[in-house]
Amino acid sequence: AFLMDKHDTVGIDCVAMCVNDIICCGAKPLFFLDYIACGKNFPEKIASIVSGIAEGCVQAGCQLVGGETAEMPGFYSVDEYDLAGFSVGAVDKEKVLDKKTMRAGDVVIGLASSGVHSNGFSLVRKIFKMDKETLNTYVDELGTTLGEALLAPTRIYVGALKSIKNAGVRVKACSHITGGGFYENIPRMLPEGKHAVVEKNSYPIPPIFTLMAKEGNVEEQMMYNTYNMGLGMILAVDPADVDKTMEAIKAAGDTPYVVGKITDGEKGVTLC
């Protein structure tokens, strides 16, 4: 964002990383607050950042109720800023998702991501040369410049989960695929004695991940242990609810895939 002087997407990322976690327990995000610390307050730049935060809140159906902008020269360089935020959600106690209801044979559904989302950028910066020329280079397989592909805002799944709930489906468990990828996030949604099996060829992997693996010579295990690899949210539902769940997700404008199943076994995930 600094290199491309493009600041209208990072706010969406900030909101997404909060609200996508909130919905994993069945809650609805209510409001969001932001904090921006910068070396120098450039009003146009701050307005651009906040416009992204506002857009994220619109997508999440929550209120942006306040924030703080701190100008800290000497601590941040003139063009740098930090962006942080938090969200509060609510859910009736009896409606909290209960992973203990999970059974062998339950179906794993993945929701398509919009790209890298907001994790693994230390590795991204090692793989690609971080300069304007590289980031502004059009890449055929991406259909856009490298920089635009990397800055594609994190998908917000609040609408999809709400649509599933409105369809009368009780999601058994839900995992937001963030840092740690499949191997660290999927086990969080599993109770003891249950194992998730995910089929790698059950959905299309976005070209940005294929490009990163190739350019950085990153082994497959590391890719799945760092990135969402095209699935930003994973759900487990009863087999009888699969069709209703898929329709509800599509109705919310997201793209779902049946990507695996739950089996009995040691808590963990197998990719096959």
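Enquirer: Explain the overall build of the protein residue by residue, including any values.
Expert: The secondary structure content of the protein amounts to 10 helices and 11 strands. Here the protein has a C-alpha radius of gyration of 19 Å; the compact-globule value for 272 residues is 19 Å, and the two agree. Dimensions of the protein along its principal axes, counting C-alpha atoms only, are 55 × 45 × 30 Å. Expressed as a percentage of its 272 residues, the buried residues of the protein come to 48%. Long-range pairs, those at least 24 residues apart, make up 85% of the contacts in the protein between residues at least 6 apart in sequence. Charge-centre separation for the protein: the mean point of 26 positive side chains lies 7 Å from the mean point of 34 negative side chains.

Enquirer: Residues and numbers for helix 1 (residues 10-22), please.
Expert: In this model helix 1 runs 19 Å from its N-terminal to its C-terminal C-alpha over 13 residues, within 8% of the 18 Å that 1.5 Å per residue would give. Counting buried residues in helix 1 gives 11 out of 13 residues, a clear majority hidden from the surface. Next to the buried residues of helix 1 lie strand 1 (28-38), helix 2 (43-60), strand 3 (81-90), helix 6 (158-166), strand 7 (173-176) and strand 9 (231-237).

Enquirer: Tell me what's going on with the sheet that holds strand 1, and back it up with residues and numbers.
Expert: Here we have 3 strands laid out as an open sheet, ordered 2-1-3, and mixed in their pairing. Strand pairing shows two members of the sheet lacking a second neighbour, strand 2 (63-71) and strand 3, which therefore form its edges. Averaged over all pairs of adjacent strands, the angle between their axes in this sheet comes to 15 degrees, without regard to strand direction. The pairing of strand 1 with strand 3 spans 10 bridges and is classified as antiparallel. When the bridges of strand 3 are listed, Phe 32 appears paired with Ser 87.

Enquirer: Please give an account of a negative patch on the surface that cites residues and values.
Expert: A cluster of acidic residues, Asp 5, Asp 79, Glu 80 and Asp 82, forms a negative patch at the surface. If you trace the backbone, Asp 5 turns up in the segment before helix 1. When its relative accessible area of 56% is taken as the criterion, Asp 5 is described as exposed.

Enquirer: Now, about helix 8 (residues 207-216): what can you tell me, with residues and values included?
Expert: Here helix 8 has its buried residues at Ile 208, Phe 209, Leu 211 and Met 212. Along the axis of helix 8, the buried positions cluster into a sector of 160 degrees, meaning they face one direction only. Contacts made by the buried residues of helix 8 are with helix 3 (121-127), strand 5 (138-139), helix 5 (146-150) and helix 9 (220-224). Backbone geometry just after helix 8 places Asn 217 at a positive phi near 50 degrees.

Enquirer: Let's hear about unusual backbone geometry: which residues, and what values?
Expert: Phi is positive for Asp 5, which is not a glycine, with a value near 50 degrees. One non-glycine residue, His 117, lies in positive phi territory at about 60 degrees. Residue position: His 117 is located in the loop between strand 4 (107-112) and helix 3. On the accessibility criterion, His 117 (3% relative accessible area) is buried.

Enquirer: Go over the packing of helix 1 against helix 2, please, and point to the residues and values.
Expert: Across the interface, helix 1 lies against helix 2 with an axial gap of 6 Å and an inter-helix angle of 35 degrees. Read as a crossing pair, helix 1 and helix 2 show a hand that is right-handed. Note on element contacts: helix 2 touches helix 1 through Ile 49, Gly 52, Ile 53, Glu 55, Gly 56, Cys 57, Gln 59 and Ala 60, opposite Gly 11, Ile 12, Val 15 and Val 19. Of the residues contributing to the contact of helix 1 with helix 2, the split by class is 7 nonpolar, 4 polar and 1 charged.

Enquirer: Report on the environment of Lys 261, specifying residues and quantitative values.
Expert: Among the secondary structure elements, Lys 261 is positioned in strand 10 (residues 256-264). Separated by 158 residues in the primary sequence, Lys 261 and Arg 103 have C-alpha atoms spaced 9.8 Å apart. Apart from residues no more than four positions distant in its own chain, Lys 261 is found in contact with Asp 106, Val 107, Val 108, His 195, Ala 196 and Val 197.

Rules of the game
- Residues numbered from 1 in each chain as written.
- Predicted model: local features only at pLDDT ≥ 70, side-chain atom pairs only at ≥ 80, totals over all residues.
- Heavy atoms only, no water.
- Helix = DSSP H or I, 4+ residues; strand = E, 2+ residues; numbered from the N terminus.
- Rg over C-alpha atoms; globule rule 2.2 N^0.38 Å.
- Buried < 20%, exposed > 50% of the residue type's maximum accessible area, 1.4 Å probe, protein only.
- Contact = heavy atoms within 4.5 Å.
- Lys, Arg positive; Asp, Glu negative; His and termini not counted.
- Charge placed at Lys NZ, Arg CZ, Asp CG, Glu CD.
- Expected span 1.5 Å × (residues − 1).
- Pairing = 2+ DSSP bridges.
- Axes fitted to C-alpha atoms, helices over the stretch in contact; angles between N-to-C directions.
- Patch = residues over 30% accessible without salt bridge, like charges linked within 9 Å, V, L, I, M, F, W, Y side chains within 5 Å.
- Areas by Shrake-Rupley, 256 points an atom, 1.4 Å probe, with all protein chains shown as cover.
- Salt bridge = Lys/Arg side-chain N within 4 Å of Asp/Glu carboxyl O.
- Arc of directions from axis to C-beta.
- Left-handed = near helix turned anticlockwise from the far one by under 90°.
- Nonpolar A, V, L, I, M, F, W, Y, C, P; charged D, E, K, R; others polar.

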